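# Coordinate analysis (summary)
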Amino acid sequence: MSLLARIFRREQLDRYLETDKKFIKTMSAFDLIALGIGAVIGTGIFILPGTVAATKAGPGIIISFIVAAIVCSTAAMCYAEFASALPVAGSAYSYGNLVFGEIVGWILGWALILEYVLAVAAVSSAWGAYFQSFLAGFHIGFPKAISGPFVPSQGTYGNVIAIIIVILISWMLNQGMRSSVRLNNIIVVVKIAIILLFIVVGMFYIKPSNWHPFLPFGWHSAHGGVLGGAAAVFFAYLGFDAVSSSAAEVKNPKKNMPIGIIGTLIVATVLYVGVSIVLTGMVSYTKLNVSDPVAFALQFVHLNWVAGIISLGALAGMFTMMVTMIYSSSRLIYSIGRDGLLPKFLGKLDKKGSPRNSMITITIIIAFMGGFVPLEQLTNLVNIGTLIAFLFVSFGIIPLRRNKEIQNHHGYQVPWYPVLPIVSGFLCMLMLSQLQAETWIASGIWFAFGLVLYFSYGIRHSQLGKS
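Predicted model, so just to flag it, every value in this text is computed and none were measured.

## Points about the overall build of the protein
Counting its regular elements, the protein contains 18 helices and 2 strands. A globule of 467 residues ought to have a C-alpha radius of gyration of about 23 Å, and the protein, at 22 Å, matches this closely. Principal axes of the C-alpha set define a box for the protein whose edges measure 70 × 55 × 40 Å. Sequence-distant contacts in the protein: of pairs separated by 6 or more residues, those separated by 24 or more amount to 82%. Carbon and sulfur atoms form 70% of the exposed surface of the protein, whose accessible area is close to 18,900 Å². For the protein, the separation between the mean place of its 29 positive charges and that of its 16 negative charges on side chains is 4 Å.

So this is what it looks like as structure tokens:
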């Protein structure tokens, strides 16, 4: 067999279904939506509507969020069809293996590892900083030496809180999905309640004059405008793809996976638009270019007690985001280990039907990065990893429909096929073109390392090669 034929070998769905049947199916559509909202709605909802309104879109930020949601919904519908047709663990990695071939699956898996690990590491670091400021409000101090990444020149040697929260979430997930999902659902409900509290209370302080002019930067201008604002807030929606990692643990995945993915996007859009309407109505957009615009707006109208509750919402938002991403990354690493492209012990399930080995491995990596590595310059790589996965999933609908071995009777199908998947793919390419050169260079190094790993280890240990 030629090298080209070997690297484009496609996996069989039956083998995935056989190996993944050890997972316990406990999750409902509501659980999936909570998992998705946990990933999508983080601290960004308290920051982006204000800062992007001030610098790019003005009150037109309301339309920017709707435009970004429409763009994201094209990719979401493609994910929903894949999750309905292929109810297996591993998200875009497994989809790539089944539809395009092993090398594409590996590249997508490598892109998702980049997305999940960096996202959780960055958020754990931010959670540590936020928690310290929360404690400071009660006059509880924390030693500087253990409150930041390893930068001896600045007197910090590790962020202990970031390490502890990652380990705590992983321990919780290892206790079983049923109890973990229940706790995640409760925290997501609390988070949504805090956002709704801001919307309801803030409505009474809206001054319609603050919405004039509604489009101060126009639809598209040198400053950004509505479309520039949409490009800036597009990344606020990323994370719904993590829902597809759970397909092997979902009851009736053909029905519930599409509800979970598309439902996440709808709820997130309603919340983002609601916050944008109230925030720009309470305070002139010209004053919102601050680090905490929602808290600023509440203090501006003398609602300090609500501002204090918002800080709890931010902590809850980051917590649920870490739960979803750590969960998804452990299933991703399990899937790659299951196929032999990473050491096989990572692809084992314990007696509870949980991938304990992959969970421990990913926890060590994330805790180390969140606790010791300064991540400010690396967070843009999260976006490139996500968009590459979106790109292949969008165009992948076409070979998925043509694959006679994969049947999706009575499952969800993308409307307006093949136009919508193609449009989705080109929109992803457009978003990729907006990323900075430094992001492309750093990701190029990451993918080069991934290809070296695949050709030196993965291709020789692949389950496909053995079969």
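## Quick look at the side chain of Asp339
Along the chain, the position of Asp339 falls in the loop between helix 13 (304-338) and helix 14 (356-372). Within the structure, Asp339 has its side chain in polar contact with the side chain of Arg338 (distance 3.2 Å).

## Describing the pattern of salt bridges
Summed over the entire model, instances satisfying the criterion amount to 9 salt bridges. Of the charged contacts, one joins Asp20 and Arg338 as a salt bridge, the two residues approaching to 3.0 Å between their closest N and O atoms. Of this pair, Asp20 sits in helix 2 (residues 13-20) while Arg338 sits in helix 13, and the two are 318 residues apart along the sequence. Among the ionic pairs, Arg338 bridges to Asp339, the shortest N-O distance being 3.2 Å. Like Asp339, Arg338 is buried. Members of the salt-bridge network, linked through shared partners, are Glu11, Arg15, Asp20, Arg338 and Asp339.

## Some points on the packing of aromatic side chains
Remark: the centre distance and the inter-plane angle together describe each pair of aromatic rings, the angle taken between the planes. Taken as a whole and assessed by the stated rule, the structure comprises 21 aromatic pairs. A ring pair is formed by Trp110 and Trp446, whose centres lie 4.4 Å apart and whose planes are at 10°; its orientation type is stacked. A residue pair is termed long-range when its members are at least 10 positions apart, and Trp110 in helix 7 (residues 102-136) and Trp446 in helix 17 (residues 437-461) qualify at 336 residues. Using a relative accessible area of 23% as the deciding quantity, one classes Trp446 as partly exposed. A ring pair is formed by Phe296 and Phe300, whose centres lie 6.0 Å apart and whose planes are at 35°; its orientation type is tilted. Separated by 4 residues within a single helix, Phe296 and Phe300 lie in helix 12 (residues 293-300), roughly one turn from each other. Joined through ring pairs, the aromatic side chains of Trp106, Trp110, Trp446, Phe449, Tyr454 and Phe455 make up one cluster. The side chain of Arg338 reaches across the aromatic face of Tyr16, ending 3.7 Å from its centre. The positively charged end of Arg401 is found above the aromatic ring belonging to Tyr417, 4.2 Å away from the centroid.

## So, the nonpolar core
Residues Tyr79, Leu86, Phe198, Tyr237, Phe240, Tyr272 and Leu298 are the most contacted members of the largest nonpolar core, which totals 154 residues. The element contributing the most residues to this core is helix 7, with 18 residues. Every residue in contact with Phe240, bar those within four places of it in the chain, is listed here: Val40, Cys72, Ala75, Ala76, Tyr79, Ile261, Thr264, Leu265 and Phe390.

## Concerning the packing of helix 6 (residues 91-99) against helix 7
For the pair helix 6 and helix 7, the least separation of the axes is 7 Å and the interaxial angle reads 170°. Between helix 6 and helix 7, the angle is such that the two are roughly antiparallel. In this structure, helix 6 uses Ser91, Ala92, Tyr93, Gly96 and Asn97 to contact helix 7, whose residues at the interface are Glu102, Gly105, Trp106, Leu108, Gly109, Leu112 and Tyr116. Tallied by class, the residues present in the contact of helix 6 with helix 7 amount to 6 nonpolar, 5 polar and 1 charged.

## Observations regarding the confidence of the model for the protein
Reading fine detail from the predicted coordinates is not recommended where pLDDT is low. Considering every residue of the protein, the mean pLDDT works out to 88; 98% of them sit at 70 or more. Taking the mean pLDDT of every element in the protein, the minimum, 76, falls on strand 1 (residues 147-151) and the maximum, 94, on helix 11 (residues 253-282).

## Looking at the environment of Val99
If you trace the backbone, Val99 turns up in helix 6. In this structure Val99 comes out as buried when scored by relative accessible area, which is 7%. Taking the C-alpha atoms as reference, Val99 lies 9.8 Å from Phe8; in sequence the two are 91 residues apart.

## Considering helix 4 (residues 48-57)
Across the 10 residues that make up helix 4, a large majority, 7, are buried. Along helix 4, the positions that sit buried rather than exposed are Pro49, Gly50, Thr51, Val52, Ala53, Ala54 and Ala57. In this fold, the buried residues of helix 4 make contact with helix 5 (61-85), helix 10 (225-233), helix 11 and helix 12. Taken from the residues just after helix 4, Gly58 is the one with a positive phi, measuring 65°.

## What about the packing of helix 7 against helix 8 (residues 160-174)?
Where helix 7 meets helix 8, the closest approach of the two axes is 8 Å, and the angle between their N-to-C directions is 115°. The hand of the helix 7/helix 8 crossing is right-handed. Side by side, helix 7 and helix 8 meet where Ser124, Ser125, Trp127, Gly128, Phe131 and Gln132 of the first sit next to Ile161, Ala162, Ile165 and Val166 of the second. Of the residues that constitute the contact of helix 7 with helix 8, the class distribution is 6 nonpolar, 4 polar and no charged.

The rules behind these values
- In this convention, every chain numbers its residues from 1, walking through the sequence in written order.
- A pLDDT threshold of at least 70 governs which residues receive local features in this predicted model, and a stricter bar of 80 or more applies before side-chain atom pairs are shown or counted, although totals over entire chains, interfaces and linings include all residues.
- To obtain the side-chain values, all non-hydrogen atoms of the structure were used and water was disregarded.
- Numbered from the N terminus, helices here are DSSP runs of H or I no shorter than four residues, and strands are runs of E no shorter than two.
- When we talk radius of gyration, it's over C-alpha atoms, and the globule rule is simply 2.2 Å times the number of residues to the 0.38.
- Throughout, a residue-residue contact means that at least one pair of heavy atoms, one from each residue, lies within 4.5 Å.
- Residue-level accessible areas treat just the shown protein chains as cover; the underlying method is Shrake-Rupley with a 1.4 Å probe.
- In this tally, Lys and Arg are treated as positive and Asp and Glu as negative; His is ignored, and so are the chain termini.
- Every charge is mapped to an atom, namely NZ of Lys, CZ of Arg, CG of Asp or CD of Glu.
- Pairs of N or O atoms are called polar contacts if they sit within 3.5 Å, as long as, within protein, a hydrogen donor faces a hydrogen acceptor (for residues adjacent in sequence, only side-chain-to-side-chain pairs).
- What makes a salt bridge here is a side-chain nitrogen of Lys or Arg within 4 Å of a carboxyl oxygen of Asp or Glu, nothing more.
- Burial classes follow relative accessibility: with a 1.4 Å probe on protein chains only, a residue under 20% of its type's maximum area counts as buried, one over 50% as exposed, and anything between as partly exposed.
- Centres within 6.5 Å make a pair out of two Phe, Tyr or Trp rings, where for Trp the six-membered ring is used; the pair is then stacked when the planes are under 30 degrees apart, edge-to-face when over 60, and tilted otherwise.
- Two conditions define a charge located above a ring, namely a distance within 6 Å from the ring centre to NZ of Lys or CZ of Arg, and an angle within 35 degrees of the ring normal.
- We define the nonpolar core as a collection of buried residues of types Ala, Val, Leu, Ile, Met, Phe, Trp, Tyr and Cys that are connected through side-chain atoms lying within 4.5 Å of one another.
- To define axes, lines are fitted to C-alpha atoms, for helices over the stretch in contact only, and angles between the resulting N-to-C directions are given on a 0 to 180 degree scale.
- Comment on the angle field: the value is read as roughly parallel under 35 degrees, roughly antiparallel over 145, roughly perpendicular from 65 to 115, and oblique elsewhere.
- Basically, the charged four are Asp, Glu, Lys and Arg, the nonpolar ten are Ala, Val, Leu, Ile, Met, Phe, Trp, Tyr, Cys and Pro, and anything else, Gly included, counts as polar.
- You can read pLDDT as the predictor saying how much it trusts each residue, on a scale of 0 to 100.
- In this scheme the crossing of two helices becomes right-handed for a clockwise turn of the near helix relative to the far one and left-handed for an anticlockwise turn of less than a right angle.

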